[in-house]
Amino acid sequence: MPRIKLLLLSFFLLPVLLFLLADWLFPLPVERLQPQGSMVVYDRHGEMLRVFLASDQMWRIRVKSEEISETIKQAVLTYEDQYFLWHCGINPVSILRAAIANLRAGKIVQGGSTITMQIARLMEPKARTLPGKLIEAFRALQLEWHYSKEEILTLYLDMTPYGGNIVGIGAASLLYFQKRPDQLSLGEAALLAAIPKSPNRFRPDLNPQAASQARRKVLTTMVSQGKITQAEYNEALGESIPQQRHPLPFMIPHLSDKLMQLYPDQERMQTTIDASRQRTVTAILRNHKGALRNQGITNCAAVVIDNKTGDLLALVGSIDFFDSAACGQVNGAIAPRSPGSTLKPFVYALGLNAGLISPQSLLCDVPVEYSGYEPVNYDECYSGAVTVEEALIRSLNVPAVNLYAQLGRHGLYHFLKEAEISTLPQAKEYYGLSLVLGGGEVTLLELTNLYCGLANGGLFRPCRLVTSERANPGKRLLSEEACYILTEMLCQLRRPELPAVWEWSINTPKVAWKTGTSYGHRDAWSIGYTPSYSIGVWAGNFNGKGAPALVGAEIAAPVLFDIFSALDIPGEERWFVQPAGVATRQVCAVSGMFPTEHCPNREEELYIPGISPQQRCNIHCQVLVDKKTGYRLCSHCRHGRECEVRVYEKWPAAIAAWKARNGYPIEKIPPHLPTCTQIATGTAPVIHSPVAGARYKLRADIDPAFQQILLDAQVSNSTAEIFWFLDKELVYSGKPIRRIFIIPTPGWHNLICVDDEGRSSEINITVRQESVIDSWQ
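Since this is a predicted model, take the numbers as computed values, not measurements.

Asks: Explain the overall build of the protein here, please?
Replies: Counting its regular elements, the protein contains 23 helices and 27 strands. Taking all 777 residues of the protein together, the buried fraction comes to 52%. Sequence separation of at least 24 residues holds for 68% of the intrachain contacts in the protein that already meet a minimum separation of 6. By element, 54% of the accessible surface of the protein is carried by carbon and sulfur atoms, the whole surface being about 37,700 Å².

In structure tokens:
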């Protein structure tokens, strides 16, 4: 008896041990169970936005078990393998029944493969020979050993073909019915259960009649086995057969292409995009297409960022992705372009942050030169002096460049690098001061994200594209106070650069915004923000061709405000709250400085206590004037004379000289009493031309009369006369507003400029004679 028990035990254990040994020697090729699938891009709420073909050009959309309805599972099991839950991967009864049927027919008319064996065949396709069937059976046993029944059924539904290049229930549901697998009706589920029997013969888009008959067979089997009622059977038979494939979603082609580059191995990408807002922005850009095309502008791009989270909510890279003539597949949201004036606000923010300026501070707006670089305003006009607020609103170039130069080492370039702008590969010197006017390149997405940093009170962080990215806490590059003051300057809706025909609605949301136009009218920009959103719009031609109409305020701004008006901004959205570190003060209406008793008018401005400039007004000055002679008196010469106190505006030399030369009325301060022996104090003339240490070359083939050097000095409006000395010889005496030229001679020269009160400035220059041969080289 013990021997019989041992024999019986060996009879049962030996096959198991042999199987385990074979399983160890010939492991399952699990990588073939899940070949590379299609990348599917979803929005933040799970809506499908875009599907890519898999690497083998198949539509293969991976699904999870819980994403497949019980209806399709029941239909498949009833029709394909009703004993699936009970067998171990091989069903001897089915194999025997199939063998008998095939022998009687003299050909293969019935298969005995289980669902598990079909997976084995899909995993390792082999000829239908006896050795092939034995390997298939072994693999089926392995599958049952390593996976649960639920996992095996999901693998089958993921791997089975559904006609053409459709693989898996996920792709089949979308392409045939525009539904997810958990949304299929009974009739649809029955059709998809039938197709794998003969994928091409039962394709509904090619053979709808055969597909209908196959569906009927599935439903008949289900009703005969009591899986469905007769009423359900009749209702399912009445459902229509799809006559064609449905197109897959194609909502965010530009961003999807970028994600495919960044995450080539991912099959499921959930973006931060909001599909509803994406549709809204896309529709708005398309609505502007005709008007833009009529003005020689072929494209437009826009992005929307959630300020609170840093999430990208919408990205439209071009008006029409399929417009090849307009290069529609170029992603305008990430294409580096010249930003025009859109970087200026950050220079002013840095100035506010460093305490160099406040909103009413005066900035110099006169011609200036920086080592050969001479910035000019957009309209090639100047104002002499403007407030910070006016310079920003009017987008003046010269004051912005002057402020950038004043910021020094930690200016705009350093800030942009700290903010992780990726499109400035060169060193700071490469861009120079022109960076603030668009001398570098940025992308619409990164630029809009910079403005998002302003909306967040100076906290800058990368824009988040997919929900799997961890939220970045960001880093503080500007103070909350500086950002708030800048925002208050930027939110003035009625702007001088707006077209007069633009009618403003009272319902237009309050927005802090800035426009920009690149050199040559190649790019038009408009970026704006509210507490909720930062939105950026770019318009132009991807081939770089300029158009006269490409002006930020006229082309990009209308699109920007259409987007702001269309987004569901809360009706009671609260504007930015003034930080505790921002206060209001009175300043001189002329100088923007702390007023003195001599300042006749005053204005209010926002400022940062302890940071903003504290200087008292030095433009309104008190002067003692001799009633008899009209000369200005000082403490040394006023004794014994009848005098009166007058208040004059004493402008800085550069501004005073510009005003005088351009015919602006400027009250002259009386000259100092000539007989006074006291040496005058104050600012000496500022020699503007020539530049100290300059080296000039005289061309031998050009008349010297056409190579003259300009003598230009800036003096205050208290100076009535200046004197120029070249190598200690007087070459000019007279009013400072006159422009004087000298014909240079080769050699080293000394230049001195003296005003009528004896204050002087001195420089040296060198002039070299260049031969005709030298000029040809």
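Asks: Is there a simple way to think about the sheet that holds strand 6 (residues 299–306) in this case?
Replies: One open sheet holds the 5 strands; their spatial order is 7-6-14-13-12, and the pairing between them is antiparallel. Looking at strand neighbours, the two that pair on one side only are strand 7 (312–316) and strand 12 (512–517), the edges of this open sheet. For this sheet the average axis-to-axis angle between neighbouring strands, irrespective of direction, equals 10°. Alignment of strand 6 against strand 14 (residues 533–540), held across 8 bridges, turns out to be antiparallel.

Asks: Whenever I open this one, the pairing of strand 24 (residues 729–734) confuses me. Can you help?
Replies: Across a regular strand the side chains alternate sides, sitting on one face of the sheet and then on the other. Relative to strand 24, strand 23 (residues 722–726) runs antiparallel, the two sharing 5 bridges. From the neighbouring strand, isoleucine 722 faces strand 24, where its bridge partner is glycine 734. Hairpin connection between strand 23 and strand 24: a loop of 2 residues separates the two successive antiparallel strands, and aspartate 727 in this loop has a positive phi of roughly 50°.

Asks: Can you help me understand the side chain of aspartate 43 in this one?
Replies: Mapped onto the secondary structure, aspartate 43 falls in the loop between strand 1 (40–42) and strand 2 (48–51). A polar side-chain atom of aspartate 43 sits 2.7 Å from the main-chain amide nitrogen of glutamate 47. One polar contact links the side chain of aspartate 43 to the main-chain amide nitrogen of alanine 275, over a distance of 3.1 Å. Other than its neighbours up to four places away in sequence, aspartate 43 contacts Leu49, Gln270, Thr271, Ile273, Asp274 and Ala275.

Asks: How should the packing of helix 14 (residues 344–354) against helix 16 (residues 397–407) be read in this particular structure?
Replies: Describing two packed helices takes the angle between their axes plus the distance from one axis to the other. The interhelical angle for the contact between helix 14 and helix 16, taken along N-to-C directions, is 45°, at an axis separation of 10 Å. Between helix 14 and helix 16, the angle is such that the two are oblique. Relative to helix 16, the crossing made by helix 14 is left-handed. Across the interface between the two elements, Lys344, Val347, Tyr348, Leu350 and Gly351 from helix 14 touch Asn397, Pro399, Ala400, Leu403, Tyr404 and Leu407 from helix 16. Residue composition of the contact of helix 14 with helix 16, by class: 8 nonpolar, 2 polar and 1 charged.

Asks: Would you mind going over the nonpolar core with me for this structure?
Replies: Here is a general trend for soluble globular proteins: nonpolar side chains tend to be buried in one another's company. Grouped together as the largest cluster of nonpolar side chains are 80 residues, with contacts concentrated most on Leu312, Tyr348, Leu412, Phe415 and Leu450. Not counting residues up to four positions away in its chain, the partners in contact with leucine 312 are Leu255, Thr272, Ile273, Val303, Val304, Ile305, Leu445, Cys463, Arg464 and Leu465. Within the second largest apolar cluster, 57 residues are counted, among which are Leu28, Ala171, Ala189 and Leu219.

Asks: Any chance you could explain the pairing of strand 13 (residues 523–529) here in plain terms?
Replies: With respect to burial, strand 13 is a largely interior element, 7 of its 7 residues being buried. Residues Asp523, Trp525, Ile527 and Tyr529 point to one face of strand 13 and Ala524, Ser526 and Gly528 to the other, with burial holding for every one of them. The pairing of strand 12 with strand 13 spans 6 bridges and is classified as antiparallel. The residue bridging glycine 516 from the neighbouring strand is tryptophan 525, located in strand 13. Linking strand 12 to strand 13, which pair antiparallel, is a turn of 5 residues; within it glycine 520 sits at a positive phi near 80°. Alignment of strand 13 against strand 14, held across 7 bridges, turns out to be antiparallel.

Asks: Can you walk me through the pattern of salt bridges in this structure?
Replies: Note that side chains of opposite charge can pair when their charged atoms are close. Per the counting criterion, the structure on display carries 22 salt bridges. The shortest N-O distance in the salt bridge between arginine 337 and aspartate 523 comes to 2.6 Å. Here aspartate 523 lies in strand 13 and arginine 337 lies in the loop between strand 7 and helix 14, a separation of 186 residues in the sequence. Accessibility classification places arginine 337 together with aspartate 523 in one group, the buried group. The shortest N-O distance in the salt bridge between glutamate 390 and arginine 394 comes to 2.8 Å. Accessibility expressed as a relative area gives 32% for glutamate 390, which makes it partly exposed.

Asks: How should helix 21 (residues 552–566) be read in this particular structure?
Replies: Note that an α-helix has 3.6 residues per turn; residues three or four places apart therefore point the same way. Taking 1.5 Å as the rise per residue, helix 21 with 15 residues should run 21 Å; its terminal C-alpha atoms sit 20 Å apart, in good agreement. Here helix 21 has its buried residues at Gly552, Ala553, Ile555, Ala556, Ala557, Val559, Leu560, Phe561, Ile563 and Phe564. In the core, the buried residues of helix 21 are packed alongside helix 12 (275–287), helix 13 (289–293), strand 6, strand 12, strand 13 and strand 14.

Asks: It is not clear to me how the sheet that holds strand 25 (residues 740–742) should be interpreted in this structure. Could you clarify?
Replies: The pairing of strands in a sheet comes from backbone hydrogen bonds and takes either a parallel or an antiparallel form. Read across the open sheet, the 3 strands follow the order 20-22-25; overall the sheet is antiparallel. Single-partner strands in this sheet number two, and they are strand 20 (686–689) and strand 25. Within this sheet the neighbouring strands show an average axis-to-axis angle of 35°, counted without direction.

Asks: What am I meant to see in the environment of tyrosine 378 here?
Replies: Tracing the backbone shows tyrosine 378 in the loop between strand 8 (362–365) and strand 9 (384–387). With a relative accessible area of 55%, tyrosine 378 lands in the exposed category. When the C-alpha atoms of tyrosine 378 and serine 395 are compared, they prove to be 8.3 Å apart, with 17 residues separating the residues in sequence.

Asks: Which parts of the structure should I look at to understand unusual backbone geometry?
Replies: Trans is the common state for peptide bonds, and a negative phi is the common state for residues other than glycine. For the bond from serine 689 to proline 690, the omega torsion is 0°, close enough to zero to count as cis. You will see that glutamate 420, though not glycine, has its phi angle at about 65°, which is positive. Mapped onto the elements, glutamate 420 comes out in the loop between helix 17 (412–418) and helix 18 (428–431). You can call glutamate 420 partly exposed: its relative accessible area is 48%. Even without being a glycine, histidine 521 presents a positive backbone phi close to 55°. Within the element layout of this structure, histidine 521 appears in the loop between strand 12 and strand 13.

Asks: Got a minute to help me understand the packing of aromatic side chains in this structure?
Replies: The relation between two aromatic rings is expressed through the spacing of the ring centres and the mutual angle of the planes. This model, assessed by the stated rule, comprises 14 aromatic pairs. Here the aromatic rings of tryptophan 538 and phenylalanine 542 are separated by 5.3 Å at their centres, their planes lie at 10°, and the arrangement is stacked. Phenylalanine 542 matches tryptophan 538 in its accessibility class, with the two residues each being buried. A ring pair is formed by phenylalanine 561 and phenylalanine 564, whose centres lie 6.4 Å apart and whose planes are at 50°; its orientation type is tilted. Residue phenylalanine 561 and its partner phenylalanine 564 are located together in helix 21, separated by 3 residues, close to a single helical turn. Summarising the burial analysis for this pair, phenylalanine 561 and phenylalanine 564 share the class buried.

Asks: Explain the side chain of serine 518 here, please?
Replies: Structurally, the position occupied by serine 518 is in the loop between strand 12 and strand 13. There is a polar contact of 2.7 Å between the side chain of serine 518 and the side chain of aspartate 523. When neighbours within four sequence positions are excluded, serine 518 is seen to be in contact with Ser338, Gly340 and Asp523.

Asks: What is the right way to read the state of the cysteines from this model?
Replies: Throughout this description, disulfide means a covalent bond between two cysteine sulfur atoms. Under the counting rule described, the total for this entry stands at 0 disulfides. Free cysteine cysteine 452: the closest other cysteine sulfur is in cysteine 463, separated by 7.4 Å. A relative accessible area of 3% places cysteine 452 in the buried class.

Quick notes on the rules
- Residues numbered from 1 in each chain as written.
- Predicted model: local features only at pLDDT ≥ 70, side-chain atom pairs only at ≥ 80, totals over all residues.
- Heavy atoms only, no water.
- Helix = DSSP H or I, 4+ residues; strand = E, 2+ residues; numbered from the N terminus.
- Buried < 20%, exposed > 50% of the residue type's maximum accessible area, 1.4 Å probe, protein only.
- Contact = heavy atoms within 4.5 Å.
- Areas by Shrake-Rupley, 256 points an atom, 1.4 Å probe, with all protein chains shown as cover.
- Pairing = 2+ DSSP bridges.
- Axes fitted to C-alpha atoms, helices over the stretch in contact; angles between N-to-C directions.
- Polar contact = N/O pair within 3.5 Å; in protein donor to acceptor, adjacent residues only side chain to side chain.
- Parallel < 35°, antiparallel > 145°, perpendicular 65-115°, else oblique.
- Left-handed = near helix turned anticlockwise from the far one by under 90°.
- Nonpolar A, V, L, I, M, F, W, Y, C, P; charged D, E, K, R; others polar.
- Core = buried A, V, L, I, M, F, W, Y, C linked by side-chain atoms within 4.5 Å.
- Salt bridge = Lys/Arg side-chain N within 4 Å of Asp/Glu carboxyl O.
- Expected span 1.5 Å × (residues − 1).
- Phe/Tyr/Trp six-rings, centres within 6.5 Å; stacked < 30°, edge-to-face > 60°.
- Disulfide = S-S within 2.5 Å.

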